[in-house]
Amino acid sequence: MIERQKQIKSICDTFLNAKKIAITTHIKPDGDAIGSEIGLGIFLKSLGIEVRIINDNPATENYNFLLKSFATEVYNKTSHSNFLQSCDAIAVLDANRLERFPSLIDDIKKSNAKIICIDHHTEPEMFYSISLIDEMSASTGELIFEIVSEIDKTKITKEIATALYTAIMTDTGSFRFGSTSDKTHKITSELISIGAVPNEIYQNIYEQESIEKMQLISRALSSIEIAHEGKLSTMELLKKDFSETKTNEQDVENIINFGLTLKKVILTILFTELDGRIKIGFRSKGSMPVNLFAKEFGGGGHLNAASATVLNGKIDEVKQTVLERVSFYLNNIN
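Everything in this summary refers to the structure shown in the same document. None of the values given here were measured: they were computed from a predicted structure. (Residues numbered from 1 in each chain as written. Predicted model: local features only at pLDDT ≥ 70, side-chain atom pairs only at ≥ 80, totals over all residues. Heavy atoms only, no water.)

Thoughts on the state of the cysteines
Put simply, the rule reads: Pairs of cysteine sulfur atoms within 2.5 Å are identified as disulfides in what follows. The buried label applies to any residue whose accessible area, calculated with a 1.4 Å probe on protein chains only, is under 20% of its type's maximum; exposed applies above 50%, and partly exposed to all values in between.
Taken as a whole, this structure holds 0 disulfides when the rule is applied. Here Cys87 is not cross-linked by a disulfide; its sulfur's nearest cysteine counterpart is in Cys117, at 16 Å. The class for Cys87 is buried, based on a relative accessible area of 5%. There is no disulfide at Cys117, and the cysteine sulfur nearest it, in Cys12, is 16 Å away.

Description of the side chain of Asn62
Note the following rule: Comment: elements are numbered from the N terminus, with helices defined as DSSP H or I runs of at least four residues and strands as E runs of at least two. N or O atoms closer than or at 3.5 Å make up a polar contact, with two conditions inside protein: a donor-capable atom paired with an acceptor-capable one, and, for residues adjacent in sequence, both atoms drawn from side chains. Here, residues are in contact when the closest pair of their heavy atoms is within 4.5 Å.
By secondary structure assignment, the location of Asn62 is in the loop between strand E2 (50–55) and helix H3 (64–67). With a relative accessible area of 17%, Asn62 lands in the buried category. Engagement of the side chain of Asn62 in a polar contact is seen with the backbone oxygen of Ile205, the distance being 3.3 Å. When residues no more than four places from it in sequence are discounted, the contact partners of Asn62 are Asn204 and Ile205.

Topic: the packing of aromatic side chains
Two measures describe an aromatic ring pair: the distance that separates the ring centres and the angle between the ring planes. The line we're drawing: Classification of ring pairs rests on two measures: the distance between centres of Phe, Tyr or Trp rings, Trp counted by its six-membered ring, which must be within 6.5 Å, and the angle between planes, read as stacked under 30 degrees, edge-to-face over 60 and tilted in between. Should the NZ of a Lys or the CZ of an Arg lie within 6 Å of a ring centre and within 35 degrees of the ring normal, that charge is described as sitting over the ring.
Inspection of every chain in the model, using the stated rule, returns 8 aromatic pairs. Between Tyr202 and Tyr206, the ring centres sit 4.8 Å apart and the planes meet at 50 degrees, which makes this aromatic pair tilted. Taken together, the positions of Tyr202 and Tyr206, both in helix H9 (residues 198–206) and 4 residues apart, correspond to about one turn of that helix. Arranged with centres 4.4 Å apart and planes meeting at 10 degrees, the rings of Phe293 and Tyr329 form a pair that is stacked. Linking Phe293 in helix H12 (residues 290–295) with Tyr329 in helix H14 (residues 326–332), this pair joins segments that are 36 residues apart in sequence. Across the pair, exposure class does not vary: Phe293 and Tyr329 are buried alike. Among the aromatic residues, ring-to-ring pairing joins Phe282, Phe293, Phe297, Phe328 and Tyr329 into one connected group. A cation over an aromatic ring shows up here: Arg325 above the ring of Phe328, its NZ or CZ 4.6 Å from the ring centre.

Comments concerning the sheet that holds strand E5 (residues 114–119)
This is how the line gets drawn: In short, DSSP must find at least two bridges between two strands for them to pair. Angles here are taken between N-to-C directions and fall from 0 to 180 degrees, while the axes themselves are lines fitted to C-alpha atoms, restricted in helices to the stretch in contact.
Taken together, the 6 strands give an open sheet; going across it, the order is E3-E2-E1-E4-E5-E6, and neighbouring strands pair in parallel fashion. Of all the strands in the sheet, the pair left with one neighbour each is strand E3 (72–74) and strand E6 (130–133). For this sheet, the mean inter-axis angle between neighbouring strands, taken without regard to orientation, is 20 degrees. Two strands pair when backbone bridges link them, and strand E1 (residues 20–24) and strand E4 (residues 89–93) are joined in this way by 4 bridges, in the parallel orientation. Bridge pairing links Thr24 to Val92 in E4. Across the sheet, helix H1 (residues 2–16) is in contact with E1, E4, E5 and E6; its angle to E6 comes to roughly 130 degrees. The sheet strands contacting helix H4 (residues 77–86) are E1, E2, E3 and E4, and the helix crosses E2 at an angle near 125 degrees.

Things to note about the sheet that holds strand E9 (residues 267–274)
One open sheet accounts for 6 strands, arranged E7-E8-E9-E10-E12-E11; its pairing is mixed. This sheet does not close on itself; its edge strands, each paired only once, are strand E7 (225–227) and strand E11 (300–301). On top of the sheet, helix H13 (residues 315–323) reaches E7, strand E8 (232–237), E9, strand E10 (277–284) and strand E12 (305–311); it is set at about 160 degrees to E9, its chief contact.

Re the pairing of E5
Worth spelling out the cut-off: Crossover handedness is defined by viewing with both strands directed away from the observer: a clockwise path from the first strand over the helix to the second marks the crossover as right-handed.
Burial runs high along E5: 5 of the 6 residues are buried. Relative to E5, E4 is paired through 5 bridges, and the arrangement is parallel. Residue pairing in the sheet places Leu93 in a bridge with Ile118 of E5. Once you follow E4 into helix H5 (residues 105–110) and on to E5, the crossover reads as right-handed. Bridge analysis of E5 against E6 gives 4 bridges, and the strand direction is parallel. Bridging from a neighbouring strand, Asp119 pairs with Ile133 of E6.

Looking at the pattern of salt bridges
Here is the rule we go by: Any Lys or Arg side-chain nitrogen located within 4 Å of an Asp or Glu carboxyl oxygen qualifies as a salt bridge.
Throughout the structure, instances matching the rule amount to 18 salt bridges. With a closest N to O distance of 3.0 Å, Lys153 and Glu190 form a salt bridge. Placement of the pair is Lys153 in the loop between helix H6 (140–152) and helix H7 (158–171) and Glu190 in helix H8 (residues 182–194), with a sequence separation of 37 residues. Arg219 is the partner of Asp241 in a salt bridge, and the nearest nitrogen-oxygen pair spans 2.8 Å. With Asp241 in helix H11 (residues 239–245) and Arg219 in helix H10 (residues 211–222), this residue pair connects regions lying 22 residues apart in the sequence. Residue class for Asp241 comes out buried when judged on its relative accessible area of 8%. Because the salt bridges share partners, they merge into one network encompassing Arg4, Asp134, Glu146 and Lys183.

So this is what it looks like as C-alpha coordinates:
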(Lines give C-alpha, C1' and ligand atoms only; values in the text may rest on other atoms or scores of the structure.)
Protein backbone atom coordinates (compact mmCIF):
# COMPACT_ATOMS: atom_id res chain seq x y z
CA MET A 1 0.00 0.00 0.00
CA ILE A 2 2.87 2.36 0.83
CA GLU A 3 4.54 1.55 -2.49
CA ARG A 4 1.31 2.24 -4.35
CA GLN A 5 0.97 5.66 -2.71
CA LYS A 6 4.55 6.45 -3.70
CA GLN A 7 3.76 5.54 -7.30
CA ILE A 8 0.65 7.71 -7.35
CA LYS A 9 2.52 10.63 -5.78
CA SER A 10 5.33 10.31 -8.31
CA ILE A 11 2.88 10.37 -11.20
CA CYS A 12 0.99 13.33 -9.76
CA ASP A 13 4.22 15.29 -9.20
CA THR A 14 5.32 14.58 -12.76
CA PHE A 15 2.02 15.82 -14.18
CA LEU A 16 2.02 18.93 -12.01
CA ASN A 17 5.57 19.86 -13.02
CA ALA A 18 4.98 19.35 -16.75
CA LYS A 19 4.14 22.00 -19.31
CA LYS A 20 3.61 19.66 -22.25
CA ILE A 21 2.17 16.13 -22.07
CA ALA A 22 1.27 13.53 -24.68
CA ILE A 23 -1.19 10.75 -23.95
CA THR A 24 -1.44 7.52 -25.93
CA THR A 25 -2.87 4.01 -25.70
CA HIS A 26 -2.95 0.69 -27.51
CA ILE A 27 -3.83 0.01 -31.13
CA LYS A 28 -7.54 -0.20 -31.91
CA PRO A 29 -8.49 1.58 -28.68
CA ASP A 30 -11.49 0.29 -26.76
CA GLY A 31 -13.74 2.09 -24.30
CA ASP A 32 -11.34 1.85 -21.38
CA ALA A 33 -8.51 3.24 -23.49
CA ILE A 34 -10.48 6.13 -25.01
CA GLY A 35 -12.35 6.98 -21.81
CA SER A 36 -9.16 6.98 -19.71
CA GLU A 37 -7.32 9.14 -22.25
CA ILE A 38 -10.05 11.72 -22.58
CA GLY A 39 -10.76 11.85 -18.84
CA LEU A 40 -7.08 12.44 -18.10
CA GLY A 41 -6.65 14.81 -21.04
CA ILE A 42 -9.49 17.12 -19.98
CA PHE A 43 -8.23 17.11 -16.39
CA LEU A 44 -4.62 17.97 -17.27
CA LYS A 45 -5.74 20.69 -19.68
CA SER A 46 -7.75 22.26 -16.84
CA LEU A 47 -4.43 22.62 -14.96
CA GLY A 48 -3.04 24.76 -17.78
CA ILE A 49 -0.93 22.01 -19.32
CA GLU A 50 -0.61 21.61 -23.10
CA VAL A 51 -2.03 18.15 -23.80
CA ARG A 52 -2.49 16.10 -26.96
CA ILE A 53 -3.91 12.58 -27.28
CA ILE A 54 -2.07 10.77 -30.08
CA ASN A 55 -2.98 7.20 -31.03
CA ASP A 56 -2.17 4.63 -33.70
CA ASN A 57 -5.83 4.36 -34.70
CA PRO A 58 -8.94 6.53 -34.51
CA ALA A 59 -11.70 5.77 -32.04
CA THR A 60 -14.72 3.92 -33.37
CA GLU A 61 -17.87 5.94 -34.05
CA ASN A 62 -19.67 4.86 -30.89
CA TYR A 63 -17.18 6.93 -28.87
CA ASN A 64 -17.76 10.12 -30.85
CA PHE A 65 -19.81 11.53 -27.98
CA LEU A 66 -16.61 11.64 -25.91
CA LEU A 67 -14.54 13.22 -28.68
CA LYS A 68 -16.73 16.31 -28.48
CA SER A 69 -15.00 17.07 -25.17
CA PHE A 70 -11.44 16.29 -26.28
CA ALA A 71 -10.42 15.18 -29.76
CA THR A 72 -7.91 12.40 -30.29
CA GLU A 73 -5.37 12.47 -33.11
CA VAL A 74 -4.04 9.67 -35.33
CA TYR A 75 -0.23 9.57 -35.35
CA ASN A 76 1.52 11.22 -38.27
CA LYS A 77 5.30 11.60 -38.15
CA THR A 78 5.29 15.05 -39.74
CA SER A 79 2.65 16.39 -37.36
CA HIS A 80 3.63 14.66 -34.14
CA SER A 81 7.31 13.73 -34.05
CA ASN A 82 8.58 17.09 -32.78
CA PHE A 83 5.80 17.37 -30.22
CA LEU A 84 6.41 13.89 -28.78
CA GLN A 85 10.14 14.44 -28.55
CA SER A 86 9.69 17.81 -26.82
CA CYS A 87 7.18 16.65 -24.19
CA ASP A 88 7.96 16.76 -20.49
CA ALA A 89 5.90 13.60 -19.96
CA ILE A 90 4.26 10.92 -22.09
CA ALA A 91 1.44 8.96 -20.45
CA VAL A 92 0.79 5.49 -21.86
CA LEU A 93 -2.62 4.25 -20.73
CA ASP A 94 -4.12 0.75 -20.82
CA ALA A 95 -1.02 -0.68 -22.52
CA ASN A 96 2.21 -1.95 -20.99
CA ARG A 97 4.17 -3.27 -23.97
CA LEU A 98 5.81 -1.31 -26.79
CA GLU A 99 4.20 -3.50 -29.45
CA ARG A 100 0.81 -2.16 -28.35
CA PHE A 101 1.51 1.34 -29.73
CA PRO A 102 3.92 0.68 -32.65
CA SER A 103 3.67 3.99 -34.53
CA LEU A 104 4.93 6.05 -31.59
CA ILE A 105 7.81 3.81 -30.46
CA ASP A 106 10.65 5.63 -32.24
CA ASP A 107 9.58 9.09 -31.07
CA ILE A 108 9.06 7.89 -27.51
CA LYS A 109 12.52 6.33 -27.44
CA LYS A 110 14.05 9.57 -28.73
CA SER A 111 12.16 11.75 -26.26
CA ASN A 112 13.64 13.00 -22.99
CA ALA A 113 10.17 12.94 -21.49
CA LYS A 114 9.34 10.93 -18.41
CA ILE A 115 7.38 7.93 -19.62
CA ILE A 116 4.44 7.07 -17.38
CA CYS A 117 2.58 3.76 -17.69
CA ILE A 118 -0.88 3.47 -16.12
CA ASP A 119 -2.41 0.07 -16.76
CA HIS A 120 -4.03 -3.06 -15.36
CA HIS A 121 -2.68 -5.79 -17.65
CA THR A 122 -0.21 -8.51 -16.72
CA GLU A 123 3.47 -8.95 -17.66
CA PRO A 124 4.55 -5.35 -18.34
CA GLU A 125 7.57 -4.52 -20.48
CA MET A 126 9.99 -2.13 -18.76
CA PHE A 127 9.91 0.84 -21.13
CA TYR A 128 8.67 3.41 -18.60
CA SER A 129 10.28 5.48 -15.85
CA ILE A 130 7.18 5.72 -13.62
CA SER A 131 4.21 3.39 -13.41
CA LEU A 132 0.98 2.45 -11.71
CA ILE A 133 0.19 -1.06 -12.88
CA ASP A 134 -2.51 -2.80 -10.89
CA GLU A 135 -3.69 -6.14 -12.24
CA MET A 136 -6.48 -6.22 -9.66
CA SER A 137 -8.12 -3.05 -10.96
CA ALA A 138 -11.16 -3.67 -13.15
CA SER A 139 -10.07 -0.96 -15.60
CA THR A 140 -7.48 1.68 -16.30
CA GLY A 141 -10.28 4.19 -15.78
CA GLU A 142 -10.32 3.34 -12.07
CA LEU A 143 -6.62 4.14 -11.83
CA ILE A 144 -7.04 7.46 -13.62
CA PHE A 145 -9.80 8.35 -11.17
CA GLU A 146 -7.42 7.67 -8.25
CA ILE A 147 -4.72 9.85 -9.76
CA VAL A 148 -6.87 12.85 -10.66
CA SER A 149 -8.61 12.63 -7.28
CA GLU A 150 -5.23 12.75 -5.57
CA ILE A 151 -4.37 15.95 -7.44
CA ASP A 152 -7.71 17.76 -7.10
CA LYS A 153 -11.04 15.92 -7.02
CA THR A 154 -12.94 19.22 -7.28
CA LYS A 155 -11.71 19.57 -10.87
CA ILE A 156 -13.52 16.40 -12.00
CA THR A 157 -16.21 17.80 -14.27
CA LYS A 158 -19.23 16.12 -15.86
CA GLU A 159 -17.16 15.57 -19.01
CA ILE A 160 -14.37 13.86 -17.08
CA ALA A 161 -16.88 11.79 -15.11
CA THR A 162 -18.57 10.70 -18.34
CA ALA A 163 -15.26 9.62 -19.89
CA LEU A 164 -14.13 7.67 -16.83
CA TYR A 165 -17.54 6.05 -16.36
CA THR A 166 -17.29 4.93 -20.00
CA ALA A 167 -13.86 3.43 -19.34
CA ILE A 168 -15.03 1.49 -16.30
CA MET A 169 -18.38 0.38 -17.69
CA THR A 170 -16.95 -1.00 -20.93
CA ASP A 171 -14.03 -2.88 -19.38
CA THR A 172 -16.23 -4.53 -16.77
CA GLY A 173 -18.75 -5.70 -19.37
CA SER A 174 -21.31 -3.31 -17.91
CA PHE A 175 -20.27 -4.44 -14.41
CA ARG A 176 -20.87 -8.15 -14.99
CA PHE A 177 -17.24 -9.38 -15.17
CA GLY A 178 -15.56 -10.94 -12.15
CA SER A 179 -13.12 -8.03 -11.95
CA THR A 180 -15.97 -5.75 -10.82
CA SER A 181 -15.49 -4.91 -7.13
CA ASP A 182 -17.01 -2.80 -4.40
CA LYS A 183 -14.32 -0.26 -5.24
CA THR A 184 -15.57 -0.19 -8.82
CA HIS A 185 -19.08 0.65 -7.69
CA LYS A 186 -17.88 3.26 -5.20
CA ILE A 187 -15.97 5.05 -7.94
CA THR A 188 -18.83 4.93 -10.44
CA SER A 189 -21.20 6.17 -7.73
CA GLU A 190 -18.99 9.23 -7.33
CA LEU A 191 -18.84 9.72 -11.09
CA ILE A 192 -22.64 9.60 -11.31
CA SER A 193 -22.93 12.14 -8.51
CA ILE A 194 -20.63 14.43 -10.49
CA GLY A 195 -22.73 14.17 -13.64
CA ALA A 196 -22.18 10.92 -15.55
CA VAL A 197 -25.52 9.64 -16.85
CA PRO A 198 -25.37 5.80 -17.11
CA ASN A 199 -28.27 5.18 -19.50
CA GLU A 200 -27.11 7.88 -21.93
CA ILE A 201 -23.55 6.53 -21.93
CA TYR A 202 -24.77 2.98 -22.48
CA GLN A 203 -27.05 4.06 -25.33
CA ASN A 204 -24.22 5.98 -27.03
CA ILE A 205 -21.93 2.97 -26.94
CA TYR A 206 -24.15 -0.07 -27.35
CA GLU A 207 -27.32 1.13 -29.05
CA GLN A 208 -25.88 2.76 -32.15
CA GLU A 209 -25.16 -0.36 -34.22
CA SER A 210 -25.48 -0.41 -37.99
CA ILE A 211 -27.50 -2.99 -39.89
CA GLU A 212 -24.18 -4.17 -41.34
CA LYS A 213 -22.79 -5.00 -37.90
CA MET A 214 -26.01 -6.76 -36.96
CA GLN A 215 -25.57 -8.92 -40.06
CA LEU A 216 -22.00 -9.67 -38.98
CA ILE A 217 -23.23 -10.65 -35.52
CA SER A 218 -25.73 -12.96 -37.22
CA ARG A 219 -22.89 -14.64 -39.11
CA ALA A 220 -20.98 -15.20 -35.88
CA LEU A 221 -24.00 -16.56 -34.04
CA SER A 222 -24.85 -18.95 -36.87
CA SER A 223 -21.34 -20.41 -36.58
CA ILE A 224 -21.64 -21.31 -32.87
CA GLU A 225 -20.53 -24.81 -31.95
CA ILE A 226 -20.79 -26.41 -28.50
CA ALA A 227 -18.38 -29.02 -27.12
CA HIS A 228 -17.01 -30.48 -23.90
CA GLU A 229 -20.41 -31.25 -22.40
CA GLY A 230 -21.61 -27.72 -23.05
CA LYS A 231 -18.69 -25.99 -21.29
CA LEU A 232 -17.12 -24.66 -24.50
CA SER A 233 -18.61 -22.54 -27.26
CA THR A 234 -16.77 -21.42 -30.38
CA MET A 235 -17.58 -18.96 -33.15
CA GLU A 236 -15.79 -17.94 -36.31
CA LEU A 237 -15.82 -15.06 -38.75
CA LEU A 238 -14.29 -15.46 -42.20
CA LYS A 239 -12.94 -12.83 -44.55
CA LYS A 240 -15.97 -13.30 -46.77
CA ASP A 241 -18.24 -12.45 -43.82
CA PHE A 242 -16.66 -8.99 -43.67
CA SER A 243 -16.78 -8.38 -47.42
CA GLU A 244 -20.34 -9.62 -47.80
CA THR A 245 -21.66 -7.56 -44.88
CA LYS A 246 -19.46 -4.54 -45.70
CA THR A 247 -17.94 -4.51 -42.21
CA ASN A 248 -14.40 -4.52 -40.84
CA GLU A 249 -12.34 -5.71 -37.90
CA GLN A 250 -13.54 -2.92 -35.63
CA ASP A 251 -17.07 -4.27 -35.91
CA VAL A 252 -15.98 -7.47 -34.14
CA GLU A 253 -15.82 -5.69 -30.76
CA ASN A 254 -18.07 -7.34 -28.13
CA ILE A 255 -19.33 -10.11 -30.45
CA ILE A 256 -17.35 -12.69 -28.51
CA ASN A 257 -19.37 -12.02 -25.35
CA PHE A 258 -22.43 -13.67 -26.92
CA GLY A 259 -20.63 -16.99 -26.56
CA LEU A 260 -20.63 -16.74 -22.77
CA THR A 261 -24.38 -16.15 -22.54
CA LEU A 262 -25.13 -19.81 -23.26
CA LYS A 263 -26.17 -22.02 -20.37
CA LYS A 264 -23.29 -24.10 -18.92
CA VAL A 265 -20.62 -22.39 -21.07
CA ILE A 266 -17.54 -21.29 -19.09
CA LEU A 267 -15.16 -20.77 -22.03
CA THR A 268 -15.83 -19.23 -25.42
CA ILE A 269 -13.40 -18.71 -28.28
CA LEU A 270 -13.87 -16.54 -31.37
CA PHE A 271 -11.68 -17.18 -34.42
CA THR A 272 -11.51 -14.25 -36.85
CA GLU A 273 -9.92 -14.58 -40.29
CA LEU A 274 -8.24 -11.34 -41.37
CA ASP A 275 -5.72 -10.44 -44.05
CA GLY A 276 -2.53 -12.35 -43.26
CA ARG A 277 -3.54 -13.31 -39.72
CA ILE A 278 -5.99 -15.17 -37.56
CA LYS A 279 -7.15 -13.42 -34.40
CA ILE A 280 -8.20 -15.62 -31.49
CA GLY A 281 -10.41 -14.12 -28.79
CA PHE A 282 -10.90 -15.85 -25.44
CA ARG A 283 -13.50 -15.18 -22.73
CA SER A 284 -14.18 -17.23 -19.62
CA LYS A 285 -16.03 -17.43 -16.34
CA GLY A 286 -14.72 -18.22 -12.87
CA SER A 287 -11.07 -19.15 -12.44
CA MET A 288 -10.45 -20.18 -16.06
CA PRO A 289 -7.18 -18.30 -16.90
CA VAL A 290 -7.59 -17.44 -20.56
CA ASN A 291 -4.59 -15.10 -20.31
CA LEU A 292 -2.43 -18.23 -19.92
CA PHE A 293 -4.29 -19.94 -22.76
CA ALA A 294 -3.70 -16.93 -25.03
CA LYS A 295 -0.03 -16.81 -24.01
CA GLU A 296 0.49 -20.23 -25.61
CA PHE A 297 -0.23 -18.54 -28.94
CA GLY A 298 1.80 -15.39 -28.37
CA GLY A 299 -0.97 -13.33 -26.81
CA GLY A 300 -2.14 -12.32 -23.36
CA GLY A 301 -4.66 -10.29 -21.42
CA HIS A 302 -6.68 -10.75 -18.25
CA LEU A 303 -7.82 -13.80 -16.31
CA ASN A 304 -11.22 -13.85 -18.04
CA ALA A 305 -10.52 -11.91 -21.25
CA ALA A 306 -7.56 -12.34 -23.57
CA SER A 307 -6.55 -12.60 -27.21
CA ALA A 308 -3.78 -13.78 -29.51
CA THR A 309 -2.86 -13.40 -33.17
CA VAL A 310 -1.39 -16.05 -35.44
CA LEU A 311 0.32 -14.69 -38.55
CA ASN A 312 -0.06 -16.34 -41.95
CA GLY A 313 -2.16 -19.18 -40.56
CA LYS A 314 -5.18 -20.98 -41.97
CA ILE A 315 -8.25 -20.66 -39.81
CA ASP A 316 -9.09 -24.37 -39.79
CA GLU A 317 -5.56 -25.32 -38.76
CA VAL A 318 -5.36 -22.63 -36.08
CA LYS A 319 -8.76 -23.65 -34.75
CA GLN A 320 -7.72 -27.31 -34.55
CA THR A 321 -4.49 -26.46 -32.72
CA VAL A 322 -6.27 -24.25 -30.20
CA LEU A 323 -9.05 -26.74 -29.55
CA GLU A 324 -6.52 -29.48 -28.88
CA ARG A 325 -5.51 -27.49 -25.77
CA VAL A 326 -9.02 -26.84 -24.48
CA SER A 327 -9.23 -30.08 -22.48
CA PHE A 328 -6.19 -29.13 -20.43
CA TYR A 329 -7.82 -25.90 -19.23
CA LEU A 330 -11.30 -27.32 -18.75
CA ASN A 331 -10.15 -30.44 -16.89
CA ASN A 332 -7.17 -29.21 -14.91
CA ILE A 333 -7.72 -25.59 -14.03
CA ASN A 334 -11.34 -24.49 -13.69
